[in-house]
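Examination of the molecular architecture
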Amino acid sequence: MLPEKLIEIYHRTEARLLAERGDKPHWTGELASSALSTATSVAALALHDATAHADRIQQALNWLS
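Now for a description of the structure that goes with this document.

Parameters at a glance
- Residues numbered from 1 in each chain as written.
- Predicted model: local features only at pLDDT ≥ 70, side-chain atom pairs only at ≥ 80, totals over all residues.
- Heavy atoms only, no water.
- Helix = DSSP H or I, 4+ residues; strand = E, 2+ residues; numbered from the N terminus.
- Expected span 1.5 Å × (residues − 1).
- Buried < 20%, exposed > 50% of the residue type's maximum accessible area, 1.4 Å probe, protein only.
- Arc of directions from axis to C-beta.
- Contact = heavy atoms within 4.5 Å.
- Salt bridge = Lys/Arg side-chain N within 4 Å of Asp/Glu carboxyl O.

Glancing now at helix H2 (residues 35–49). In a regular helix each residue adds 1.5 Å, so 15 residues correspond to 21 Å; H2 covers 21 Å between its end C-alpha atoms and thus fits that length. Burial in H2 covers these residues: Ser37, Thr38 and Val42. With its buried residues spanning 140° around the axis, H2 presents them on a single face. In H2, the exposed residues that point more than 90 degrees away from the buried face are Leu36 and Leu47. On its buried face, H2 is in contact with helix H3 (54–64).

Now the structure itself:
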């Protein structure tokens, strides 16, 4: 029973998140101005393309320090 309930919850949550996104292939909005969200953004940008996002990464690291 538990695995089926978890799968059901997963699918409902996925559907709600995708509905919030609307017709765009991404979500829009702003991250909270916290150290955790900033560090998460730095990690994501660095993993995606550190060279292309070097300025933003440095700005975030400056803010963190």
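For the structure shown, the criterion picks out one salt bridge. In this structure, Glu8 and Arg12 form a salt bridge, with 3.7 Å as the shortest nitrogen-oxygen distance. Separated by four residues within a single helix, Glu8 and Arg12 lie in helix H1 (residues 2–21), roughly one turn from each other. Among the residues examined, Glu8 registers a relative accessible area of 39% and is labelled partly exposed. Classification of Arg12 by relative accessible area gives partly exposed; the value is 46%.

On their own, these measurements won't tell you what the molecule is for.
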